[in-house]
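Read off the chains here:
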Amino acid sequence: MTDHNQNAGYRPDIDGLRAIAVVAVVIFHALPRTLPGGFVGVDIFFVISGFLITRLIAEKIKVQSFSFLDFYRRRIRRIYPSLMLVLACTAVASLAIYWGNEGQSVAWHVFGASLFLPNVFLWQEAGYFDADAQAKPLLHLWSLGIEEQFYIAWPLLLWFSVRRGWSLTLILSAVTIGSFAYGLYLARIDPVAAFYSPFSRAWELSIGGALAVANFPRLGSKEKTAAAALGLLLTVGSMVLIREANFSVWHAVFPTVGTGLLIAAGPYNFVSARLLSAKWMVSIGLISYPLYLWHWPIIVLSRVHFESLPKIAAVGVIALSFALATATFLLVERPIQRTQPLRRLSSQLLGGMAVLSLLGLAGSQVDVRTFWYPPEVVSVLNYARYDFEKDSRVGECWVDPSKNQDFSPTCGFRADGNGPRLAIWGDSHSGRLYPGLHRVTGQEIQIAEYVANGCPPIQNYSEVCQRANDKAIIALGNQQPDLVILFANWPFYAERYQAGQVVDGLNAYIDKLQAIGSTVVIAGPFPSFKEDLPTAILKDWSKRRRLPTRLKGVPDGRTMTIEQDLRALATDRGLQFFSIIDMLCNQDGCRTSYTDNPSDLITWDYGHMTTGGAELVGAELLRAIRANMLD
């Protein structure tokens, strides 16, 4: 998407192809309920970019006029101006629009994009507590990162191959096959890595490169038209049919092969001449790069006020994206492309990007709003950096089963310990209950902990969770605790698993726990807030200029339904049920702080308790347990 076409042998049909790709991306992203496959446009861009850049490099190498320095200076002139503008505008807009810590996250992504490592940054962030990808305004720059990382090594490979007299077609075919095979392998063991890694994506660009240097047999007009028609069918069909669920290398094959066929067919066929080379298609293709840059930040920032963009708002977003892209092309890209000398211009742009990079790094470390907000609001803002791992035994007794982590032997009871033995079993919510219970029990009660991300103590919830739960139940059988607390984000699993099945899955484990002599306590759901609590608090503060101590609107109907189901299960089985909702909520709403100070938040996100919040809940839970069982 970032290649330029100001060179000999310019093909207007390539701009038409780019138009198809960028229109698909913009419309499918803005109107997610219309058609499923907007991400396919990126695969088209990769092939086009590989074709144009490889052709440019190969031609210059063959006539011995290629300069690495000149190549990268031209890349800087082509990429930096529009990118710097979009990065700066997105950072400022995020600071003005977001209430939570999203502004700092955007600043961090500005830093990553300035280094052309956005895919690496996003790759490293992917995990259980990562923010929703759909809420990251600079998410789309992962593809730009892959392109530019590819072009660090690509010119050197081409230059070296020509100097050694090797067949470029053979070398590029080998790169394509090797990268494709690696992508297939990586997708099986780590789909996130397969999506973001330049090594598993290189085959898409190298296919374009192979097309640029291959000697195709001469085809007649009918054969060219047939190839182009098949390519168009594969490309458009993949946009309509391929769903953006889990990344699969095979999903990328169809648009990639389709684009390759359209390029190989050349400009002189019915499809290319009548459709792809049409003036309106070429015009859109010319603004494809700034249009791609602008559309996603506008969509994401617009969704701050809409859970799902109404169609009229989506049309406005599309129109605004086209308007900004056109203005950027006419007022920024065109004038800068004509600016000389190239050496001085590239140095200036490089310096500007360095400044933007430093500002992004600084903004990611310091929330600038702390300079003008009152101290109590700053305290709330600081929860954006809440360290939930320090007292939770993460990686030891709080594991990630998707990474094949096992529970440590230290998760159980000490051999020399005295007093009642209590175990906590559940998902990450129970992982945050542990530090509070640990503090309020002191040395009089031993606590074991078996926590797995995204895994409730429900039998047969998922294959990954079943492995973790099997290990937990074996450990509990060996430890034989006096009492086991079952706690999880119940509403989430009830929605995905159906409440009745949650009860059935719990029953199976309750039977096993009772068989080893353990008393079972079911802790009901935490009254999860609709958004991160610090964000909700700040929004409320902006209206009243006073921090709330309770928020209305929680718990929702889904939470109350599973609360009632779990309470009924406990009654039927003769178990103790502890209601966190009854403890924290009344007719005025649910508590937001664990002390009388409204800045002492009970959770740093929607429902994982802070240590202070866990102490509050843990102390009440312990009193209930003592009253009924331990005393």
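Refer to the preceding data block for the structure.
Predicted model, so just to flag it, every value in this text is computed and none were measured.

A. The arrangement of the state of the cysteines in detail. Enumeration over the complete set of coordinates arrives at three disulfides. Bridging Cys397 to Cys411, the disulfide has an S-S length of 2.2 Å. Between Cys397 and Cys411, the disulfide has an S-S torsion of -105 degrees and is therefore left-handed. Placement of Cys397 in the loop between helix H17 (375-381) and strand E1 (398-399) and of Cys411 in the loop between E1 and strand E2 (421-426) is noted, with a sequence separation of 14 residues between them. Taken individually, Cys397 and Cys411 each receive the classification buried, so the pair is uniform in this respect. The residue that forms a disulfide with Cys585 is Cys590, at a sulfur-sulfur distance of 1.9 Å. For the disulfide bridge between Cys585 and Cys590, the dihedral angle about the S-S bond is near 105 degrees, and by the sign convention the bridge is right-handed. Of the residues examined, Cys585 reaches a relative accessible area of 16% and is grouped as buried. You can call Cys590 buried: its relative accessible area is 0%. What links to what in the protein: the bonded cysteines, counted in sequence order, pair as 1-2, 3-4, 5-6.

B. Layout of the nonpolar core. The biggest cluster of nonpolar side chains holds 96 residues, and the ones touching the most others in it are Tyr80, Leu83, Leu87, Leu141, Trp142 and Ile263. Take this core: its biggest share by element is 13 residues, from helix H2 (residues 40-62). Once residues within four sequence positions are removed from consideration, Ile263 is found in contact with Arg11, Ile14, Leu17, Val47, Ile48, Phe51 and Leu211. Counting residues in each nonpolar core, the second largest holds 86 residues, with Ile447, Phe529, Ala570 and Cys585 among its members.

C. Local environment of the sheet that holds strand E6 (residues 550-551). Read from one edge of the open sheet, three strands run E6-E9-E8, paired in antiparallel fashion. The open sheet is flanked by E6 and strand E8 (585-586), the only strands paired with a single partner. Alignment of E8 against strand E9 (residues 589-591), held across two bridges, turns out to be antiparallel. Looking at the pairing, Asn586 lines up with Gly589 of E9.

D. View of the side chain of Ser206. Tracing the backbone through its elements, the reader meets Ser206 in helix H9 (residues 198-213). Side-chain polar atoms of Ser206 contact the side chain of Thr176, separated by 2.7 Å. Residue contacts for Ser206: discarding those within four places in its chain leaves Phe150, Trp154, Leu172, Val175 and Thr176.

E. The pairing of strand E5 (residues 519-523), seen in detail. Buried residues dominate E5, accounting for four of its five residues. Relative to E5, strand E4 (residues 483-487) runs parallel, the two sharing four bridges. Bridging from a neighbouring strand, Val484 pairs with Val520 of E5. Judged from the three bridges that link them, E5 and strand E7 (residues 576-578) form a sheet pairing that is parallel. Note on E7: the bridge partner recorded for Ile522 is Phe577.

F. Molecular detail of the pairing of E2. When you tally the buried positions in E2, you get five out of six residues, the bulk of the element. Pairing of E2 with strand E3 (residues 446-452), which is carried by six bridges, proceeds in the parallel orientation. Bridge assignment links Trp425 to a residue of E3, and that residue is Tyr450. Running through helix H18 (residues 428-441), the crossover from E2 to the neighbouring parallel element E3 is right-handed. Inspection of the sheet shows E2 paired to E4 by five bridges, in the parallel sense. Bridging across to E4, Trp425 finds its partner in Leu486.

G. Local environment of the environment of Trp490. Locating Trp490 in the fold gives a position in helix H20 (residues 490-497). With 36 residues separating them in the primary sequence, Trp490 and Phe526 have C-alpha atoms 8.4 Å apart. The residues touching Trp490, leaving out its near neighbours within four places in the chain, are Pro456, Pro457, Ile458, Val502, Leu506, Ala523, Gly524, Pro525, Ile562 and Leu566.

H. The pattern of salt bridges, seen in detail. Evaluated as defined, the whole model comprises 19 salt bridges. The residue Arg567 makes a salt bridge to Asp582 at a minimum N-O spacing of 3.2 Å. Of this pair, Arg567 sits in helix H23 (residues 557-573) while Asp582 sits in helix H24 (residues 580-584), and the two are 15 residues apart along the sequence. According to the relative accessible area criterion, Arg567 is partly exposed, its value standing at 34%. Through salt bridges that share partners, Asp43, Arg201 and Glu204 make up one connected network.

I. Broad picture of the packing of aromatic side chains. One pass over the structure, following the stated rule, counts 30 aromatic pairs. One aromatic cluster is present, formed by Phe66, Phe68, Phe71, Tyr72 and Trp159 through successive ring pairs. Stacked on the ring of Phe195, the Lys or Arg Arg201 has its end atom at 4.8 Å from the ring centre. One cation-aromatic arrangement involves Arg545 over Trp541; the distance from NZ or CZ to the ring centre is 4.3 Å.

About the thresholds
- Going along each chain's sequence as written, the residues are numbered from 1 onward.
- Thresholds applied to this predicted model are a pLDDT of at least 70 for local features of residues and 80 or more for the giving and counting of side-chain atom pairs; totals over whole chains, interfaces and linings are not thresholded and use all residues.
- The basis for the side-chain values is all heavy atoms of the structure; hydrogens and waters are excluded.
- Here, a disulfide means two cysteine sulfur atoms that sit within 2.5 Å of each other.
- Put simply, DSSP H or I for four residues or longer makes a helix, DSSP E for two residues or longer makes a strand, and each gets a number counted from the N terminus.
- Residue exposure (1.4 Å probe, protein chains only): buried if accessible area is under 20% of the type maximum, exposed if over 50%, otherwise partly exposed.
- Definition of nonpolar core: a set of buried residues of the types Ala, Val, Leu, Ile, Met, Phe, Trp, Tyr and Cys, connected through side-chain atoms within 4.5 Å.
- Throughout, a residue-residue contact means that at least one pair of heavy atoms, one from each residue, lies within 4.5 Å.
- For two strands to count as paired, DSSP must find a minimum of two bridges between them.
- By the criterion applied in these results, polar contacts are pairs of N or O atoms within 3.5 Å in which, for protein atoms, one can donate a hydrogen and the other can accept it, and in which residues neighboring in sequence qualify only through two side-chain atoms.
- Crossover handedness is defined by viewing with both strands directed away from the observer: a clockwise path from the first strand over the helix to the second marks the crossover as right-handed.
- By salt bridge we mean one thing: a side-chain nitrogen of Lys or Arg within 4 Å of a carboxyl oxygen of Asp or Glu.
- Pairing of aromatic side chains here covers Phe, Tyr and the six-membered ring of Trp, requires ring centres within 6.5 Å, and sorts the geometry by plane angle: under 30 degrees stacked, over 60 edge-to-face, intermediate tilted.
- Geometrically, a charge over a ring is one whose NZ (Lys) or CZ (Arg) sits within 6 Å of the ring centre while staying within 35 degrees of the ring normal.

Purely geometric numbers; function is a separate question.
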